[in-house]
Number of protein chains: 2
Amino acid sequence: MDQEIEDIQTQSEVQDEILLAALKLFVEKGYFNTSLIDIKDAAGIKTTATIYQHFKTKQMLAAQLHANILDSLNVSIDDIKRKNEKPSEQLRGIVDLLFKLTDEAPDVMQFLLIVNVNEFLPDAKPRHESTPFIKIIRIIEAGVKAGELRSITPQLGYAEFFGIIENILRLVLTGFFDRKADFYQSQAWLAAWNTIVKK
Amino acid sequence: MDQEIEDIQTQSEVQDEILLAALKLFVEKGYFNTSLIDIKDAAGIKTTATIYQHFKTKQMLAAQLHANILDSLNVSIDDIKRKNEKPSEQLRGIVDLLFKLTDEAPDVMQFLLIVNVNEFLPDAKPRHESTPFIKIIRIIEAGVKAGELRSITPQLGYAEFFGIIENILRLVLTGFFDRKADFYQSQAWLAAWNTIVKK
DNA sequence: GTCTATACGCCGATAGAC
DNA sequence: GTCTATCGGCGTATAGAC
């Protein structure tokens, strides 16, 4: 926790501006269509050299951004797990979070659901080996053991449940659905929940 | 139809080799990590200049590849529609096709499900405005009208049904699932079908 | 029509003045 | 520590020889 506070403190305002600008541009135009000049302009700093005072390379910048987003998601999931005992409630909490993020921080969700991270961060773990992902699989596993969910492999349970959730959010983010994510949440939950609930 | 035959005839062997090599590399490393040198090597031709005899630019090459894949999918869907009358049977046929493609032409499916086409083809229609996509929505719409499917908007039906199907295929393609797509097909169909069937 | 050689621009990265 | 100026390299694209 001390470490966490320190990380936050050592991240200067400028650094945050750069990361925020990069996030916006990466989801908008893609990593390779975004030059350091673009990031410099969007971040409101004067030269690209400033970026190099905070990040060793463009790739390291992206890696930092990626890590921040996964960490933040990870913290939120831990929080949800702490506040809810039953796996069904934990899943509900995660779905709530994802829908809220889609409306309130669409760039973050687009980075998570649409951007192909391994294309510019070849050393990044594949999505399904990331900590948040593994935690979700564990929750489903616990739900099966506790008898709340029907007897399937947690992997398949994930595929079915989050297949629906993530696809709906993706369609909101890409503008196929014209309402806010919030509008679809209850229907999405119902459909997703029905694929895994023990009846 | 005459036009179609002519298109096929005017596509030389070399051109096909180039397109095939490009497809492989684009899904493997991404469009921007693939140079014309890479394509030249993979296609077994001698110089990059040869590529320019067949395509005006690298981007046009990618556009042609994209169009070919969508066209081919489109033809297959028309075929399925012709051979099956009921919307449920048509959906079944499309699911069969997608699972078969995942095992037999994973590059094509990866291009369809994972590659972010608009990043290098900014003028390409968004996924949900493409012909195959629209046809699928229409099938679901027809299923609702015919009373086979429960009363939902075709858009939401698509999101739920193909959310499951596509997510499972994506997880097969990325190696999260260790078996061939075929292994998961019946469970996938069942789960997806249950989200939209009228009970 | 085929290939060599090269032009040209863009971008990531850095050296070095202040 | 802040910015200017620039380097080096890569990759697309083309000119022109054969």
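Whatever comes next refers back to the structure up there.
As the structure is a computational prediction, the values presented were derived from the model and not from experiment. (Residues numbered from 1 in each chain as written. Chains lettered and ligands numbered in written order. Predicted model: local features only at pLDDT ≥ 70, side-chain atom pairs only at ≥ 80, totals over all residues. Heavy atoms only, no water.)

**Quick look at the protein's contact with DNA strand C**
Here is step 1: Around DNA strand C, a shell composed of Thr34(A), Ser35(A), Leu36(A), Tyr52(A), Thr57(A), Lys58(A), Lys46(B), Thr47(B), Ala49(B), Thr50(B) and Gln53(B) is seen.
Here is step 2: The sugar-phosphate portion of DNA strand C accounts for 68% of its atoms within 4 Å of the protein, the bases making up the rest.
Here is step 3: Contact distances for DNA strand C include 2.9 Å between a phosphate oxygen and a backbone N or O atom of Leu36(A).
Here is step 4: Between DNA strand C and Lys46(B) there is a distance of 3.5 Å, counted from a phosphate oxygen to a side-chain nitrogen or oxygen.
Here is step 5: Take the surface near DNA strand C: its biggest share by element is three residues, from helix H4 (residues 48-54) of chain B.
Here is step 6: When the residues that make up the surface near DNA strand C are grouped by side-chain class, the tally is three nonpolar, six polar and two charged. (Near = heavy atom within 4 Å. Polar contact = N/O pair within 3.5 Å; in protein donor to acceptor, adjacent residues only side chain to side chain. Helix = DSSP H or I, 4+ residues; strand = E, 2+ residues; numbered from the N terminus. Nonpolar A, V, L, I, M, F, W, Y, C, P; charged D, E, K, R; others polar.)

**Focus on the interface of chain B and chain A**
Here is step 1: Taken together, the contact between chain B and chain A spans 31 residues of the former and 31 residues of the latter.
Here is step 2: Roughly 2500 Å² is buried in total at the junction of chain B and chain A, and carbon and sulfur atoms are behind 66% of that figure.
Here is step 3: Summed over the shared surface of chain B and chain A, the result is zero salt bridges.
Here is step 4: Summed over the shared surface of chain B and chain A, the number is six residue pairs in polar contact (both at pLDDT 80 or more).
Here is step 5: The leading source of residues in the side of chain B that touches chain A is helix H9 (residues 154-173) of chain B, at twelve residues. (Contact = heavy atoms within 4.5 Å. Buried area = accessible area lost by both parts, 1.4 Å probe. Salt bridge = Lys/Arg side-chain N within 4 Å of Asp/Glu carboxyl O.)

**Considerations on the protein's contact with DNA strand D**
Here is step 1: Near DNA strand D the following residues occur: Lys46(A), Thr47(A), Ala49(A), Gln53(A), Thr34(B), Ser35(B), Leu36(B), Tyr52(B), Thr57(B) and Lys58(B).
Here is step 2: Among atoms of DNA strand D positioned within 4 Å of the protein, sugar and phosphate together represent 68%.
Here is step 3: At a separation of 2.9 Å, a phosphate oxygen of DNA strand D approaches a polar side-chain atom of Tyr52(B).
Here is step 4: In this structure, Lys58(B) approaches DNA strand D through a main-chain N or O atom, which is 3.0 Å from a phosphate oxygen.
Here is step 5: Considered class by class, the residues forming the surface near DNA strand D number three nonpolar, five polar and two charged.

**A look at the relation of the copies chain B and chain A**
The operation linking the two copies of the chain is a rotation about an axis combined with a translation along the axis.
Here is step 1: Of the transformation superimposing chain B on chain A, the axial component is 0.0 Å and the angular component is 180°, with the fit at an RMSD of 0.0 Å. What the rotation and shift describe, once combined, is the action of a two-fold rotation axis. Looking at the rotation axis and the C-alpha trace of chain B, the residue lying nearest is Gly163(B), at 2.3 Å.
Here is step 2: Here 100% of the interface residues in chain B have copies in chain A that are interface residues too; the copies meet face to matching face. (Least-squares fit on C-alpha atoms with pLDDT ≥ 70 in both.)

**Observations regarding helix H7 (residues 106-113) of chain B**
All names here are of chain B.
Here is step 1: Among the eight residues that make up H7, six are buried, leaving the element largely enclosed by the rest of the structure.
Here is step 2: Taken as a whole, H7 has its buried residues at Val108, Met109, Gln110, Phe111, Leu112 and Leu113.
Here is step 3: Residues of H7 that are buried make contact with helix H2 (13-29), helix H5 (58-83), helix H6 (87-104) and H9. (Buried < 20%, exposed > 50% of the residue type's maximum accessible area, 1.4 Å probe, protein only.)

**What to know about the packing of aromatic side chains**
Here is step 1: Summed over the entire model, instances satisfying the criterion amount to 27 aromatic pairs over all chains.
Here is step 2: Geometrically, the ring pair formed by Phe26(A) and Phe120(A) is tilted, given 6.1 Å between the ring centres and 50° between the ring planes. Of the two residues, Phe26(A) sits in helix H2 (residues 13-29) while Phe120(A) sits in the loop between helix H7 (106-113) and helix H8 (131-145), which places them 94 residues apart along the sequence.
Here is step 3: A relative accessible area of 5% places Phe120(A) in the buried class.
Here is step 4: Taken together, a centroid distance of 5.2 Å and an interplanar angle of 55° make the contact between Phe26(B) and Tyr31(B) tilted. (Phe/Tyr/Trp six-rings, centres within 6.5 Å; stacked < 30°, edge-to-face > 60°.)

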